[in-house]
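The lines below spell out each chain.
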Amino acid sequence: MRWLRDYLTNAFLYYIEKRMFCSSIDNYINLKLKKIFMFLMDEKEIRQLIINLVRNGLEAMTSGKFLTISTYIDNDEVVLTVQDRGNGIPAEILDKIGTPFFTTKDNGTGLGLATCYSIANRHNASIKIDTGTEGTTFHVRFRKVV
């Protein structure tokens, strides 16, 4: 068991700084990490879920914008959100999000979000999407296991 907050601030932040900003995308990451309860997680899978959501968010934005990663407690759930400031997801493709091999990217495989949904399912979590003209937020909700 690990604190998701500590995991994000230590291991993943190093990865974000070194790997994500080596691209041609000139955006920033804002962390809003509140203290949450510990829960069992496969660190490699959660890292992959976060990397996929962050990469998609950064690619959805024009230069100079902030992507926000948040954690908080809502009722008995740990919530991880990744919020971009892009143009949002068009309504006509929203229901296809997470379908294996569906992509809107020229060089995409369509497996990133499908992988996220699979990882969330294995962690007793769900993914909800809020999208509009000012950006998209992915809410990953981990249910507390008692």
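Note on numbering: residues in each chain are counted from 1, in written sequence order. In view of the model being predicted, local features appear only for residues whose pLDDT reaches at least 70, and side-chain atom pairs are presented and counted only at 80 or more, with totals across whole chains, interfaces and linings using the full set of residues. Calculated side-chain values reflect all of the structure's heavy atoms, with hydrogen atoms and water omitted.

Draft legend 1. Fine view of the overall build of the protein. The way it works is that DSSP assigns letters per residue, a run of H or I at least four long becomes a helix, a run of E at least two long becomes a strand, and they are numbered from the N terminus. When its secondary structure is counted, the protein shows four helices and five strands. Starting at the N terminus, the α and β elements of the protein follow one another as α-β-α-β-β-α-α-β-β. Within the protein, buried positions represent 38% of all 146 residues. When checking whether two residues touch, look at their non-hydrogen atoms; a contact exists if any pair is within 4.5 Å. Within the protein, contacts between residues separated by at least 24 positions form 69% of all contacts whose residues are at least 6 apart in sequence. Carbon and sulfur atoms make up 50% of the accessible area of the protein, which amounts to about 8,500 Å² in all. Working definition: with a 1.4 Å probe on protein chains only, accessible area under 20% of the residue-type maximum means buried, over 50% means exposed, and in between means partly exposed. All accessible-area figures derive from a Shrake-Rupley calculation using a 1.4 Å probe, and residue coverage is judged against the displayed protein chains alone.

Draft legend 2. Summary view of the side chain of Thr68. On the secondary structure map, Thr68 appears in strand β2 (residues 66-74). The residues touching Thr68, leaving out its near neighbours within four places in the chain, are Asn30, Lys32, Thr81, Val82 and Gln83.

Draft legend 3. Structural context of helix α4 (residues 112-122). Taken together, the buried positions of α4 are Leu113, Ala114, Cys116, Ile119 and Ala120. Buried residues along α4 sit against α2 (43-60), β4 (125-132) and β5 (135-143). Just downstream of α4 lies Asn124, where phi reads positive at about 55°.

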